[in-house]
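# Fold and geometry: a report
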Amino acid sequence: MNELNLKHSINVDISMYNSNGHFTISAYQRMIMGMIEEHLDELQLGEKYLMENHGISWVLLSTSIELSRRIKPTEKIIGTTWHAGGRVPSFRRDFDFKDENGDVVAVGATVSTLFETEARKICLNKDKLAVVDLESHNPVLEGLERRLKINSPSAVVETRRVRPSMTDGVGHVNNTRYGDFVYDAMTDSERDRLGDLKRI
């Protein structure tokens, strides 16, 4: 199956916006991960299938998204995602979001690895890694960083305790929650400028 032939309808609703009408940080992550999870389920490479049949699970290492314009409330967005290479045990997955006219709204990429759920370690088993052997297509996002690089001074804003509601089936804080942590740490003026965001 050619991954590029799979199209995903993205549900954009009011819960994804702040009081100023701007997409929140976590909304982008929910949109990206929701599409990728649906996509992998269709390929029988989703979390549930991999955990039940192979004892492995996806773990996200990084996400980058580059925005062409703001996403409007309730507009129809179509997403496409594909395997774009990576150096095993890391897997790069690129994606794009287009409006109903076919114009690009955003492009991006994620880097993930596979985690052995019982052994609680990164999967290096060649037989298990072969399960996710996919045809690689050209990446769409330039300048993807695998790890966060902070070039400006930073300071602790608050110390937050991990609550049970924040953890997922793998036993760690789910990646979709990190956007909320960032959003809460922003100042009011920074939240006001979310509509001008170009890259995360």
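Scroll up to find the structure this text is about.
Heads up: these notes are all about the structure in this document. Only a predicted model underlies this, so the values are computations on that prediction, with no experimental measurement involved.

So, about the pattern of salt bridges. Tallied over the entire structure, the rule returns twelve salt bridges. Residue D99 pairs with R69 through a salt bridge whose shortest N-O separation is 3.2 Å. With D99 in strand β4 (residues 90–99) and R69 in the loop between β2 (56–67) and β3 (77–83), the pair connects residues that are 30 residues apart, well separated along the chain. Under the relative-accessibility criterion, R69 is labelled partly exposed at 26%. Two residues, K128 and E116, come together in a salt bridge whose shortest N-O distance is 3.9 Å. On the criterion of sequence distance, the pair formed by K128 in helix α3 (residues 126–129) and E116 in strand β5 (residues 104–116) is long-range, its members being twelve residues apart. Among the residues examined, K128 registers a relative accessible area of 24% and is labelled partly exposed.

Tallying each qualifying case throughout the model produces five aromatic pairs. Aromatic pair Y17 and F23: ring centres 4.9 Å apart, planes at 75 degrees, arrangement edge-to-face. Accessibility classification places Y17 together with F23 in one group, the buried group. Between the aromatic rings of W58 and F91, the centroid separation amounts to 5.4 Å while the plane-to-plane angle is 90 degrees, which identifies the pairing as edge-to-face. In this pair, W58 is assigned in strand β2 and F91 in strand β4, connecting sequence segments 33 residues apart. F91 matches W58 in its accessibility class, with the two residues each being buried. Through a chain of ring-to-ring contacts, three or more aromatic side chains come together here, namely Y17, F23 and Y28. Note that R191 overlies the ring of Y183, its terminal NZ or CZ placed 5.4 Å from the centroid.

Membership of the largest hydrophobic core comes to 32 residues, with the highest contact counts inside it found for V12, F23, M31, I65, I71, F97 and L114. At the level of secondary structure, the elements contributing two or more residues to this core comprise α1 (25–42), β2, β4 and β5. Tallying contributions element by element places α1 first for this core, with eight residues.

Among the surface-exposed residues, E37, E38, D41 and E42 lie close enough to one another that they form a single negatively charged patch. Counting through the fold element by element, E37 comes out in helix α1. Under the relative-accessibility criterion, E37 is labelled partly exposed at 40%.

Rules behind the numbers
Residues numbered from 1 in each chain as written. Predicted model: local features only at pLDDT ≥ 70, side-chain atom pairs only at ≥ 80, totals over all residues. Heavy atoms only, no water. Salt bridge = Lys/Arg side-chain N within 4 Å of Asp/Glu carboxyl O. Helix = DSSP H or I, 4+ residues; strand = E, 2+ residues; numbered from the N terminus. Buried < 20%, exposed > 50% of the residue type's maximum accessible area, 1.4 Å probe, protein only. Phe/Tyr/Trp six-rings, centres within 6.5 Å; stacked < 30°, edge-to-face > 60°. Lys NZ or Arg CZ within 6 Å of the ring centre and 35° of its normal. Core = buried A, V, L, I, M, F, W, Y, C linked by side-chain atoms within 4.5 Å. Patch = residues over 30% accessible without salt bridge, like charges linked within 9 Å, V, L, I, M, F, W, Y side chains within 5 Å. Areas by Shrake-Rupley, 256 points an atom, 1.4 Å probe, with all protein chains shown as cover. Lys, Arg positive; Asp, Glu negative; His and termini not counted. Charge placed at Lys NZ, Arg CZ, Asp CG, Glu CD.

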